[in-house]
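Fold and contact review
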Amino acid sequence: MNDLIFVKNLKKEYGNESMVTKVLEGLDFTIKKGEFISIIGPSGSGKSTLMHILGLLERPSSGTYMFENEDVSKLDDKKMALLRNKKIGFIFQNFNLLPRMTVLDNVKLPLGYSENKKNMNERAKKVLENVGLGERLNYFPNQISGGQKQRVAIARALVNKPSIIFADEPTGNLDSKSSTQIMEILKRLNQEGNTIILVTHDPRTTNYTERTIKIEDGKITEK
Ligand SMILES: Nc1ncnc2c1ncn2[C@@H]1O[C@H](COP(=O)(O)OP(=O)(O)OP(=O)(O)O)[C@@H](O)[C@H]1O
Ligand SMILES: [Mg+2]
């Protein structure tokens, strides 16, 4: 099995005996290294929940989740956090930058938690140059535009060289010009070998990806 991600009968429900919300009702799919995939579906269909499970931020209620051939349901919280920091990059709709840190320090942050702490400045600077922000290293988040903020977030997701990048509506707060720029960057990163999973409402962004997984009523309706 050379799948990066293998999921079988994956279920997620919230609540207790008196009130249960079934969110994911038995999903089966695989993701291979190097793919660029969109996950689409109506609001509340479980896209973010699925991304949080695949990104090791949350656990499924039941089912199998293999990440790089490892059964991650067997990992304790500490091992799960280590694996997440090493292997997974996140990009969110609202950027999630730390306001009191410079652009460079925001991108350096994940390196501080990783095994390799050598040349942190240089490594962070290089990924920022790669997304066109070499001139904004010492700016603070409130001194740059939305599109630039999202490029900082992309640099931060990339800096640890993760196995996979999850982007949850990364263009949701951007105008159409900045959205196109972000999608072009994600496309180039995929062409350079990165595996990217994009959660999106926007049918225009799915044109950039090779495959679309559609979720409706807790089930996959299209692969
Ligand atoms: N902690 C929680 N407790 C109870 N229910 C939850 C919890 N988190 C999510 N849900 C429910 O799970 C369902 C799916 O939520 P999710 O955020 O995954 O949807 P989504 O597809 O990302 O929607 P959107 O497109 O609006 O972002 C919703 O009905 C939501 O109410
Ligand atoms: Mg969501």
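In what follows, the accompanying structure is described. (Residues numbered from 1 in each chain as written. Chains lettered and ligands numbered in written order. Predicted model: local features only at pLDDT ≥ 70, side-chain atom pairs only at ≥ 80, totals over all residues. Heavy atoms only, no water.)

**Some words on the site of ligand 1**
Near ligand 1 you find Tyr 14, Val 23, Pro 42, Ser 43, Gly 44, Ser 45, Gly 46, Lys 47, Ser 48, Thr 49, Glu 169 and His 201, and these make up its full shell. In this structure, an oxygen atom belonging to ligand 1 sits 3.0 Å away from a main-chain N or O atom of Gly 46. When ligand 1 is considered free in solution it has 650 Å² of accessible area, and contact with the protein chains removes 58% of it. Looking at the shell around ligand 1 element by element, the count peaks at three residues for helix H1 (residues 47-54). Classifying every residue of the shell around ligand 1 by side-chain character gives three nonpolar, seven polar and two charged. (Near = heavy atom within 4 Å. Polar contact = N/O pair within 3.5 Å; in protein donor to acceptor, adjacent residues only side chain to side chain. Areas by Shrake-Rupley, 256 points an atom, 1.4 Å probe, with all protein chains shown as cover. Helix = DSSP H or I, 4+ residues; strand = E, 2+ residues; numbered from the N terminus. Nonpolar A, V, L, I, M, F, W, Y, C, P; charged D, E, K, R; others polar.)

**Some remarks on the nonpolar core**
Ile 91, Val 107, Leu 128, Val 152, Ile 154, Leu 186 and Leu 189 are the most contacted members of the largest nonpolar core, which has 32 residues in total. Those elements that place two or more of their residues in this core are helix H3 (103-112), helix H4 (120-130), helix H5 (146-158), strand E7 (164-168), helix H6 (176-191) and strand E8 (196-199). The element contributing the most residues to this core is H5, with six residues. Excluding anything up to four places from it in sequence, Val 152 contacts Leu 97, Val 103, Asn 106, Val 107, Leu 128, Leu 133 and Ile 144. Grouped together as the second largest cluster of nonpolar side chains are 30 residues, Val 23, Ile 39, Val 72 and Ile 88 included. (Core = buried A, V, L, I, M, F, W, Y, C linked by side-chain atoms within 4.5 Å. Buried < 20%, exposed > 50% of the residue type's maximum accessible area, 1.4 Å probe, protein only. Contact = heavy atoms within 4.5 Å.)

**Brief notes about the pattern of salt bridges**
Scanning the model with the defined rule gives 12 salt bridges in all. The salt bridge partner of Lys 108 is Asp 105, with a shortest N-O separation of 3.6 Å. A residue pair is termed a helical-turn pair when its members lie 3 or 4 positions apart in one helix, as Lys 108 and Asp 105 do in helix H3 at three residues. Note that Glu 192 is salt-bridged to Arg 188, the shortest N-O span being 3.2 Å. (Salt bridge = Lys/Arg side-chain N within 4 Å of Asp/Glu carboxyl O.)

**Observations regarding the side chain of Gln 148**
Of note, Gln 148 is situated in helix H5. Judged by relative accessible area, Gln 148 falls into the buried class, the value being 15%. Gln 148 has contacts with Leu 133 and Arg 136, leaving out every residue within four places of it along the chain.

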